[in-house]
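# Residue-level structure breakdown
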Amino acid sequence: MRHGFLLLLFAFLMLPAWSAPTLDDAAEALKSGNDRKALAICGKLPVSFGKLYNQGLAWRNLGDLPKARASFQKALLLSPQDLATRRRLREIDGRLGEKVLSLDVRSTPWWSQSQVEILLLLPGLAMLGLGLNARRRGGGLPLAPTALVWLAGVGLSALILWTAPPADRAVVIDSAAQLLPGPSPDSPGETLPGGVLVQLLEQRNHYSKVKLGDGKTGWLRQAQLEKLSVPGGL
């Protein structure tokens, strides 16, 4: 009986040591300058905006700008309007240089998928409201409000399509990556700077065919890329 009580007491005292890591633990590690520990903690956490943002800070502090850029870009997939993340990205972009930016495909949208669906639904609801009101009054649809709602819907759709990046994108995280003419290492290719945002076109074996912002296409090893996709993101 006594031994059982002692075991329970020991387990209770050791409970904090066995507790799962949290975002606060990662933030504390970053604050104390232990960026490797912060990355290790984040690696054990479920995907969230806070996890990705803290990972970006840790990689930035360690000088790995391509991985920092990938983490911040993925964080924006979950919270597109977060201005702090966008400021961090501008800082990273400035340090990566103009060559990287000139090769980028289009960057992160300002709306999440759910926000896009709501925005596109609004003109339809407005049109429905006009129709119900016209039916109640016993007349036809009013020309001016109908035309205004229709133009607003078309304009909003065009704006979303124009600013939306390609659905499948990735960041080149290897500064020695070469854009190969085919999915094999037999032929040398053009060296790409780390951090470039590329569009993913297709996959074959351990290679991905990508497209750059200047229209050029080629193949990269999948290990040299970090795909920009997260659960619940675009």
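To start, this report covers the structure provided alongside it. (Residues numbered from 1 in each chain as written. Predicted model: local features only at pLDDT ≥ 70, side-chain atom pairs only at ≥ 80, totals over all residues. Heavy atoms only, no water.)

The helix and strand tally for the protein chain stands at 9 helices and 7 strands. Among the 234 residues that make up the protein chain, the fraction classed as buried is 36%. Long-range contacts, defined as pairs at least 24 residues apart, comprise 60% of the intrachain contacts of the protein chain with a sequence gap of at least 6. Summed over its atoms, the accessible surface of the protein chain is roughly 13800 Å², and 60% of this surface lies on carbon and sulfur atoms. (Helix = DSSP H or I, 4+ residues; strand = E, 2+ residues; numbered from the N terminus. Buried < 20%, exposed > 50% of the residue type's maximum accessible area, 1.4 Å probe, protein only. Contact = heavy atoms within 4.5 Å. Areas by Shrake-Rupley, 256 points an atom, 1.4 Å probe, with all protein chains shown as cover.)

Okay, the sheet that holds strand β6 (residues 217–221) next. Ordered by their spatial adjacency, 5 strands build an open sheet running β6-β5-β4-β1-β7, and the pairing between neighbours is antiparallel. One side of each edge strand has no neighbouring strand; the edge strands of this open sheet are β6 and β7 (225–227). This sheet shows a mean twist of 45° between the axes of neighbouring strands, independent of strand direction. Here strand β5 (residues 207–211) pairs with β6 via 5 bridges, running antiparallel. Bridge pairing links Lys 209 to Trp 219 in β6. On top of the sheet, helix α5 (residues 65–78) reaches β1 (169–172), β4 (197–204) and β7; it is set at about 160° to β1, its chief contact. (Pairing = 2+ DSSP bridges. Axes fitted to C-alpha atoms, helices over the stretch in contact; angles between N-to-C directions.)

With 13 residues, helix α4 (residues 49–61) ought to run about 18 Å at 1.5 Å a step, and its terminal C-alpha atoms sit 18 Å apart, in line with that. With 11 of 13 residues buried, α4 lies mostly within the body of the structure. For α4, every residue scored as buried is listed here: Gly 50, Lys 51, Leu 52, Tyr 53, Asn 54, Gln 55, Gly 56, Leu 57, Ala 58, Trp 59 and Arg 60. Elements in contact with the buried residues of α4: α2 (23–31), α3 (35–43), α5 and α6 (83–96). (Expected span 1.5 Å × (residues − 1).)

What follows covers the nonpolar core. As a rule of thumb, soluble globular proteins bury nonpolar side chains together. Formed by 33 residues in total, the largest nonpolar core has its most connected members in Val 172, Val 198, Leu 220 and Leu 225. Those elements that provide at least two residues to this core are α2, α3, α4, α5, α6, α7 (98–103), β1 and β4. When near neighbours in sequence (up to four residues on either side) are disregarded, Val 172 contacts Pro 66, Ala 177, Leu 192, Pro 193, Gly 194, Gly 195, Val 196, Val 198, Leu 220, Gln 224 and Leu 225. (Core = buried A, V, L, I, M, F, W, Y, C linked by side-chain atoms within 4.5 Å.)

Turning to α3, its buried residues are Asp 35, Ala 38, Leu 39, Ile 41 and Cys 42. For α3, the angular spread of the buried residues around the axis is 160°, confining them to a single face. Of the exposed residues in α3, those oriented more than 90 degrees away from the buried face are Arg 36 and Gly 43. In the core, the buried residues of α3 are packed alongside α2 and α4. (Arc of directions from axis to C-beta.)

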